[in-house]
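# Per-entry structural report
Take a look at the letters that make up each chain.
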Amino acid sequence: MSMFDWVRYSCDCPSCGADIRNFQSHDGPCHGEFLSPDDVSEFDGFCDCGAWLQFRRQPDRSYHMRWTRSGPANWSELIPAQDPPSP
């Protein structure tokens, strides 16, 4: 049993430009499955540079990304960024 599922998504880090692919979500069955971004409403991941990215699905089914450099203490500390390209 796992505590999260993997999300098949990749994007460039908004901080350093590196390719990020290791996204996780707690919105699915949490059995360590590989899910599409369309299967979850929220997912997040880290970059080696220390950036933390979070994607939240909007009512129109697009995703809004927010990120910070050291992991958020709370949602208000996140820095708004450009919407990512469609997965």
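Rules behind the numbers
Residues numbered from 1 in each chain as written. Predicted model: local features only at pLDDT ≥ 70, side-chain atom pairs only at ≥ 80, totals over all residues. Heavy atoms only, no water. Core = buried A, V, L, I, M, F, W, Y, C linked by side-chain atoms within 4.5 Å. Buried < 20%, exposed > 50% of the residue type's maximum accessible area, 1.4 Å probe, protein only. Helix = DSSP H or I, 4+ residues; strand = E, 2+ residues; numbered from the N terminus. Contact = heavy atoms within 4.5 Å. Salt bridge = Lys/Arg side-chain N within 4 Å of Asp/Glu carboxyl O. Disulfide = S-S within 2.5 Å.

Counting residues in each nonpolar core, the largest one holds 16 residues, and the members touching the most others are Tyr9, Phe23, Phe43, Leu53 and Phe55. Here the element with the most residues in this core is strand β8 (residues 63-68); it accounts for 3 residues. Not counting chain neighbours up to four residues away, the residues in contact with phenylalanine 23 comprise Asp5, Trp6, Val7, Tyr9, Ser10, Cys11, Phe43, Asp44, Gly45, Leu53 and Phe55.

With that out of the way, let us pick up the pattern of salt bridges. Taken as a whole and judged by the stated rule, the model has 2 salt bridges. In this structure, the salt-bridge partner of arginine 21 is aspartate 19, at a minimum N-O distance of 2.6 Å. Classification of arginine 21 by relative accessible area gives exposed; the value is 56%. For the salt bridge of arginine 56 with glutamate 42, the shortest nitrogen-to-oxygen distance reads 3.2 Å. With a gap of 14 residues between them, arginine 56 in strand β7 (residues 52-57) and glutamate 42 in strand β6 (residues 42-46) connect regions that are remote in the sequence. Residue class for arginine 56 comes out partly exposed when judged on its relative accessible area of 32%. Relative accessible area serves as the criterion here: at 28%, glutamate 42 is assigned to the partly exposed category.

The next subject is the state of the cysteines. Overall, the coordinates contain 0 disulfides when judged by the stated rule. Free cysteine: cysteine 16, not disulfide-bonded; nearest cysteine sulfur from cysteine 47 at 3.6 Å. The partly exposed category is assigned to cysteine 16, whose relative accessible area is 44%. Judged by relative accessible area, which is 10%, cysteine 47 ranks as buried.

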